Amino acid sequence: MQYHICDTSEQLAAVAAAKIRDLAMAAIHASGRFAIALTGGKTPEETYRYLAAHFAEEDHWAHWAIFVGDDRHVPTDHPMSNFGMGQRLLLDHVTVGQTNLFPVPTHLPTAAQAAEEYQNTIIRFFQPHPCIFDLILLGVGDDGHTASLFPGAPALNSTSLVTWSPAGTLPPPIDRITFTFPLINAARHVMILAAGERKKQVIEDIRDRKKTVAQCPSLGVNPYPGDLLLYVDRAAAAG
Ligand code: 6PG
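All figures in this text were calculated on a predicted structure; none of them were measured in a lab.

About the cut-offs
Residues numbered from 1 in each chain as written. Predicted model: local features only at pLDDT ≥ 70, side-chain atom pairs only at ≥ 80, totals over all residues. Heavy atoms only, no water. Helix = DSSP H or I, 4+ residues; strand = E, 2+ residues; numbered from the N terminus. Contact = heavy atoms within 4.5 Å. Near = heavy atom within 4 Å. Polar contact = N/O pair within 3.5 Å; in protein donor to acceptor, adjacent residues only side chain to side chain. Areas by Shrake-Rupley, 256 points an atom, 1.4 Å probe, with all protein chains shown as cover. Nonpolar A, V, L, I, M, F, W, Y, C, P; charged D, E, K, R; others polar. Salt bridge = Lys/Arg side-chain N within 4 Å of Asp/Glu carboxyl O. Buried < 20%, exposed > 50% of the residue type's maximum accessible area, 1.4 Å probe, protein only. Pairing = 2+ DSSP bridges. Axes fitted to C-alpha atoms, helices over the stretch in contact; angles between N-to-C directions.

### Section: the environment of V68
Position of V68 among the secondary structure elements: in strand β3 (residues 64-68). Along the chain, V68 and T39 lie 29 residues apart, while their C-alpha atoms are 6.0 Å from each other. Filtering out sequence-adjacent residues up to four positions away, V68 remains in contact with A37, L38, N82, F83, F102, V104, Y118 and F179.

Right under this line is the structure:
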C-alpha cells in the first residue's frame, strides 16, 4: 500500500490529479488505452476540477475509457448521479470520445438489471482479456463503506463483477449499482481518496486492519497483484 498524506484537501486534489494523469500516460504508453472507473462523493470533486483545469489541453484524453465504480439508479443528468458529476466537472472539459464513456445503464427498470447489463458491458469491453481496470477510484464513508458496498450488506460477498445494493445508510433511499470486490481487487491500481476529520476513524481502520470487512467494507479493498494508493489529507490522517 502506498500511503500519501497531503497537508490540505487542495493539495490532495493536486497530488491525486497528477498521479491519475501519470497512470493514464503510462497505461496508454503500454496498451494504447486507459480504463478508469470514477467515484462519486464530495472528495473527488476537487480532483476532477484540477484535472480539467490543468491537463485538459493534453492529447491523451481520446484514449481514456471511462466507467464509474458505483452509481445510484438515476439518469446521468440527475444531481445524484456519480457519472453525471464526473461529466460536469471533468469529462465536459476534455476531448474524450462519446464511445469511450460507459455510464451505468440506469434507463433499465431496476438496479439489478442495470448491474447485470453493466457487467456485460465491462466484460465486452475487456474481452478476450480478464476485466482489469488500470485505475479504480474510490471514496470511503464514515461508516466504513466504499463504492456502494455497505457494512453487513450481501453485496460484500458477491462473486459477480457488478451487483446492486439497496441504499444503505446514506440518504437518499435510491438503489445503487456497484463494482464488487472481485472486480475492484483485480485492478492494476486502486486509489482511495479521503479528506476531512470525519474520515479519521475509517482511515485508521484501513491501516490497522483489525475490523472485519463486514464491519468496515473498505478493508476489503486489497488489489492483488495491483497497488492500493491511499491518498488522504492531514485531517483524515490524524488518527
Ligand atoms: C457515493 C460513493 C461513496 C463515496 C463515499 C465518500 O456515491 O457517494 O458511492 O462510496 O465515495 O461515501 O463520499 P465523500 O467523498 O462525499 O465523503
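### Considerations on the site of the ligand
Residues in close proximity to the ligand total 15 residues, the closest being K42, T43, D70, A147 and K199. Residue T43 places a side-chain N or O atom 2.5 Å away from an oxygen atom belonging to the ligand. Note that an oxygen atom of the ligand is positioned 3.3 Å from one of the side-chain N or O atoms of R176. When the ligand sits alone it has 410 Å² of accessible area, and the protein chains cover 89% of it. Tallied by class, residues from the shell around the ligand come to three nonpolar, seven polar and five charged.

### Notes on the pattern of salt bridges
A full pass over the atoms with the stated rule returns eleven salt bridges. The closest approach of N and O atoms between R176 and D70, which form a salt bridge, is 3.3 Å. Residue R176 is found in strand β7 (residues 176-179), and its partner D70 is found in strand β4 (residues 70-72); the two are separated by 106 residues along the sequence. Assessed through its relative accessible area of 2%, R176 is described here as buried. Judged by relative accessible area, D70 falls into the buried class, the value being 4%. Measuring nitrogen to oxygen at the nearest pair gives 3.9 Å for the salt bridge that ties E197 to K200. Note on K200: relative accessible area 28%, which makes it partly exposed. Through salt bridges with shared partners, a single ionic network connects R21, D22 and E58.

### Some points on the sheet that holds β7
Pairing in this open sheet of three strands is antiparallel, and the strands run β4-β7-β6 from one edge to the other. Strands at the two margins of the open sheet, each flanked by one partner only, are β4 and β6 (162-165). Strand-to-strand twist across the sheet, computed as the mean angle between neighbouring axes with direction ignored, equals 20 degrees. Relative to β7, β4 runs antiparallel, the two being bridged by three bridges. In the strand pairing of β7, D71 is matched with I177. Against the sheet, helix α4 (residues 111-126) makes contact with β6 and β7, and its axis sits at roughly 165 degrees relative to β6, the strand it touches most.

### Brief notes about the side chain of T146
Note on placement: T146 falls in the loop between β5 (135-139) and β6. Judged by relative accessible area, T146 falls into the buried class, the value being 0%. Among the polar contacts made by the side chain of T146, one reaches the main-chain carbonyl oxygen of G139 at a distance of 2.8 Å. With sequence-adjacent residues up to four places away left out, T146 is seen in contact with L138, G139, V140, P217, S218 and V221.

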